[in-house]
Amino acid sequence: MQEYKRIDISKDQIVPIAERMRKKNVYLVMIHAFINKEGLPDISWDYAVDPAIESYHVVGETCVPSIGGIYDAAAIWPERELNELFGIEFEGLDTTQRLFLPEDLLETQGRGQIMVTPLSELVEKNRKEAGQ
Amino acid sequence: MSYIVPIGPYHPALEEPVHARLFTEGEVIKDAEVFVGYNHRGIEKLATERNAIQTLVLVERVCGICSHSHAFTYAMCVEAINGTEVPKRGQYIRVITAELERLHSHFLWLGIACHIIGHDSMFMHIWDERELVMDILEKMTGNRVNYAMVTIGGARRDIDDDLRREILDACDKLKAPLDRITEIALTDKTIAMRTKGVGVLPTADAIRLGAVGPHARASGVDIDVRRDAPYSCYDEFEFNVPVVDSCDVFARVVVRALECYESIKIIRQALENLPEGPINLGTKLPKIKEGQAVCRHEAPRGQLSHMVVGDGGLTNHRVSVHVPSFKNTPTVPFMLRGNTVADAGLIIASIDPCFSCLDR
């Protein structure tokens, strides 16, 4: 089984860790994010320190430094994705072009999470409207 | 004269929507930009509303070619969070399906590459041989794609002795056509002229940009998750990781052709040593414990990663899917530079892109 190691860090450590990993030619698997149970963003930088994944987490920050200058496109695309879908700001990241969202959406609404009605709420709403 | 040549998002040469802008000086591409996002289906969001078994069905629909890879990787994440030990026979069946999937995917790409080059007789020949793999997959799983072979805690369908012998026979039958295809790919003048020195991605750039899979290995980067971070039962099989350092489209053809031999080797070992015992842990709907896991699988196109966050309930708190094309597509503009417009389609195709996968 592949091992997964969670390591909590502060946002000041993001760049030094990325530089250290890049120097050792460690592969950046992905930059992930999710909103945790407390409603705070949990951002993680996952490095393939084979056979394990070292996952460095920053919790509660909405603005973090970009590591695009260190990992190039391997970091820039994940950062752009998280910027569009979670509204997380990456200092130094060029966000003038879209990645996933339509261009007009970026222009009219700005970046950030698009509110999607959860399926359960939608089912409930439809049920009420149908008078069931 | 300088031109901006747009390709796509909907274009006869593209199987899936993507938009590329080529900045040219006459026939030569000076720079390029690639835009994705035309196929976004909100699969990650949908997964938060589904239980683990429903999510297996959902993530298989991320991609038609590597559907098993998605179910395999998602199941590994849930099993890692829950601490589930998968029965050995179930692990072997997962690996056999994964390698058959790699075979059909590589045959498919080799055929498409020949079609783009203009070598249509080779394209038809390769796809004809691919049918042998598709028939075996259909017999094993009931489907040509979306195999539904994975469940949380094992495999959904067993391989009986008759089927085991049949797959072994198919491996034997594949050997001669694969030899012929490889020989033609390596020696044919048309293929060489269209692929050698075209779309070069130097090793340093491949590492810097985070290229994965056969695309990285064709640029001299010796990476393969099956060997570097073994999962399931891959550590029980002997196989080589073909690496070629000419870094061009030709190298991508060679790597994929050689990888077919390695997949057959793995399938053969798995079938000859298929352990006795159960294939899964039963059909009880599992809860996803509170926790997080990131798992990687060497899909046909390269490293596929899933992240799953569980909150102790039946549904996923978060599922994040990142496919090899997400890693390989940013390398395309670098490969296009200095090449001619006529080669752009082949260079884009040489990463074996799946934009539906990428967009999720």
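The written sequence of each chain sets the order in which its residues are numbered from 1. Chains carry letters from A onward and ligands carry numbers from 1 onward, assigned in written order. In keeping with the model being predicted, local features are shown solely for residues with a pLDDT of at least 70 and side-chain atom pairs are shown and tallied solely at 80 or more, while totals for entire chains, interfaces and linings include all residues.

1. Quick look at the overall build of chain A
Part 1 of the argument: A count of helices and strands for chain A gives five helices and six strands.
Part 2 of the argument: Secondary structure is summarised from DSSP: a helix means a run of H or I of at least four residues, a strand means a run of E of at least two, and numbering begins at the N terminus for each. Written out in order from the N terminus, the α and β elements of chain A read β-α-β-β-β-β-α-α-β-α-α.
Part 3 of the argument: For the exposure call, what matters is how many other C-beta atoms sit within 10 Å of a residue's own: 20 or more marks it buried, 12 or fewer exposed, and in between partly exposed, using C-beta atoms placed from the backbone. Here chain A holds 132 residues, and the buried ones make up 35% of them.
Part 4 of the argument: A residue pair is marked as a contact if its C-beta atoms, positioned from the backbone, fall within 7 Å. Long-range pairs, those at least 24 residues apart, make up 54% of the contacts in chain A with a sequence separation of at least 6.

2. Overview of the interface of chain B and chain A
Part 1 of the argument: Between chain B and chain A, the contact holds 31 residues from the first and 31 residues from the second.
Part 2 of the argument: Mapped by element, the contributors of at least two residues to the side of chain B that touches chain A are helix H8 (203-209), strand S6 (291-299), strand S7 (302-310), strand S8 (316-322) and helix H12 (324-328) of chain B.
Part 3 of the argument: Broken down by element, the side of chain B that touches chain A gets its largest block of residues, five residues, from S6 of chain B.
Part 4 of the argument: By residue class, the composition of the side of chain B that touches chain A is 14 nonpolar, eight polar and nine charged. Residue type decides the class: Asp, Glu, Lys and Arg count as charged, Ala, Val, Leu, Ile, Met, Phe, Trp, Tyr, Cys and Pro as nonpolar, and the leftover types, Gly among them, as polar.

3. Describing helix H11 (residues 249-272) of chain B
Part 1 of the argument: One less than the number of residues in a helix, times 1.5 Å, gives the span that helix is expected to have. Its 24 residues place the ends of H11 of chain B 35 Å apart at the C-alpha level, agreeing with the 34 Å of an ideal helix rising 1.5 Å per residue.
Part 2 of the argument: Within H11 of chain B, 17 of the 24 residues are buried, which leaves the element mostly enclosed by the surrounding structure.

4. A word on the packing of helix H4 (residues 88-117) of chain B against H11 of chain B
All names here are of chain B.
Part 1 of the argument: Every angle, taken between N-to-C directions, lies between 0 and 180 degrees, and every axis is a line fitted to C-alpha atoms, over only the stretch in contact when it is a helix. Axis separation between H4 and H11 bottoms out at 9 Å; the angle between their running directions is 155°. Classed by the angle they form, the pair H4 and H11 counts as roughly antiparallel. For the pair H4 and H11, the crossing hand works out as left-handed. Here Tyr92, Val95, Ile96, Glu99, Leu100, Arg102, Leu103, His106, Trp109, Leu110 and Ala113 of H4 lie close against H11, whose contacting residues are Val253, Arg256, Ala257, Glu259, Cys260, Ser263, Ile266, Ile267, Ala270 and Leu271.
Part 2 of the argument: Among the residues making up the contact of H4 with H11, the classes are represented as 15 nonpolar, two polar and four charged. Angle categories: roughly parallel below 35 degrees, roughly antiparallel above 145, roughly perpendicular from 65 to 115, and oblique for all the rest. Crossing handedness is defined as follows: a turn of the near helix away from the far one that is anticlockwise and smaller than a right angle gives a left-handed crossing, while the clockwise case is right-handed.

5. A word on unusual backbone geometry
Part 1 of the argument: With omega at 5°, the peptide bond leading from Asp50 of chain A into Pro51 of chain A counts as cis.
Part 2 of the argument: When you line up the elements, Pro51 of chain A lands in the loop between strand S3 (41-49) and strand S4 (52-59).
Part 3 of the argument: Even without a glycine there, the phi angle at Asn25 of chain A is positive, about 60°.
Part 4 of the argument: Looking at the secondary structure, you find Asn25 of chain A in the loop between helix H1 (14-23) and strand S2 (27-35).
Part 5 of the argument: The residue Ser232 of chain B is not glycine, and still its phi comes out positive at about 50°.

6. Some words on the packing of helix H6 (residues 161-187) of chain B against H11 of chain B
All names here are of chain B.
Part 1 of the argument: Two numbers describe how H6 lies on H11: the axes approach to 10 Å, and their chain directions differ by 165°. Classed by the angle they form, the pair H6 and H11 counts as roughly antiparallel. For the crossing formed where H6 meets H11, the hand is left-handed. For the pair formed by H6 and H11, the contact residues are Arg164, Ile167, Leu168, Cys171, Leu174, Leu178, Ile181, Thr182, Ala185 and Leu186 on the first element and Val253, Val254, Ala257, Cys260, Tyr261, Ile264, Ile267, Arg268 and Leu271 on the second.
Part 2 of the argument: For the contact of H6 with H11, the residue count by class is 16 nonpolar, one polar and two charged.

7. Here we look at the sheet that holds strand S1 (residues 4-8) of chain A
All names here are of chain A.
Part 1 of the argument: The strand order across the open sheet built from four strands is S1-S4-S3-S2, with neighbouring strands paired in mixed fashion. Of all the strands in the sheet, just S1 and S2 have a single pairing partner and so form its edges. Sheet twist, expressed as the mean angle between neighbouring strand axes with direction ignored, is 25°.
Part 2 of the argument: Strands qualify as paired when DSSP identifies two bridges or more between them. Sheet analysis places S3 next to S4, joined by eight bridges and oriented antiparallel. Bridging across to S4, Ile43 finds its partner in Val58.

8. What to know about the nonpolar core
Part 1 of the argument: Formed by 142 residues in total, the largest nonpolar core has its most connected members in Ala75, Cys77, Val78, Leu110, Val253 and Val308 of chain B.
Part 2 of the argument: Apart from residues no more than four positions distant in its own chain, Val253 of chain B is found in contact with Leu110, Ala113, Ala185, Ile191 and Thr195 of chain B. We define a nonpolar core as a collection of buried residues of the types Ala, Val, Leu, Ile, Met, Phe, Trp, Tyr and Cys that are connected via C-beta atoms lying within 7 Å of each other.

9. Observations regarding the sheet that holds S6 of chain B
Residues and elements named next belong to chain B.
Part 1 of the argument: With antiparallel pairing, the three strands of this open sheet are ordered in space as S6-S7-S8. A strand with exactly one partner marks an edge of an open sheet, and here the two such strands are S6 and S8. Taken pair by pair, the neighbouring strands of this sheet meet at an average axis angle of 15°, ignoring direction.
Part 2 of the argument: Strand contacts of helix H3 (residues 67-82): S6, S7 and S8, with the helix running at about 150° to S6, the strand carrying the most contacts.

10. As for the confidence of the model for chain B
Part 1 of the argument: The pLDDT value tells you how sure the predictor is about a given residue, anywhere from 0 up to 100. In the predicted model, chain B carries a mean pLDDT of 89, and 100% of its residues have values of at least 70.
Part 2 of the argument: Across the interface, the model reports ipTM at 0.80; the global pTM reads 0.87.

11. Structural notes on the pairing of S8 of chain B
Successive residues of a regular strand alternate their side chains across the two faces of the sheet.
Residue and element names in this part refer to chain B.
Part 1 of the argument: A large share of S8 lies buried, amounting to seven of its seven residues.
Part 2 of the argument: Sheet analysis places S7 next to S8, joined by six bridges and oriented antiparallel. Within S8, the position partnered with Val309 by the bridge is Arg318.
Part 3 of the argument: Here S7 hands over to S8 after five residues, with Gly312 in that stretch at a positive phi of 90°.

12. Digging into the environment of Thr315 of chain B
All names here are of chain B.
Part 1 of the argument: Looking at where Thr315 falls in the secondary structure, it is placed in the loop between S7 and S8.
Part 2 of the argument: Sequence-wise, Thr315 and Lys287 are 28 residues apart; in three dimensions their C-alpha atoms are separated by 7.5 Å.
Part 3 of the argument: Not counting chain neighbours up to four residues away, the residues in contact with Thr315 comprise Thr48, Glu49, Arg50 and Asn51.

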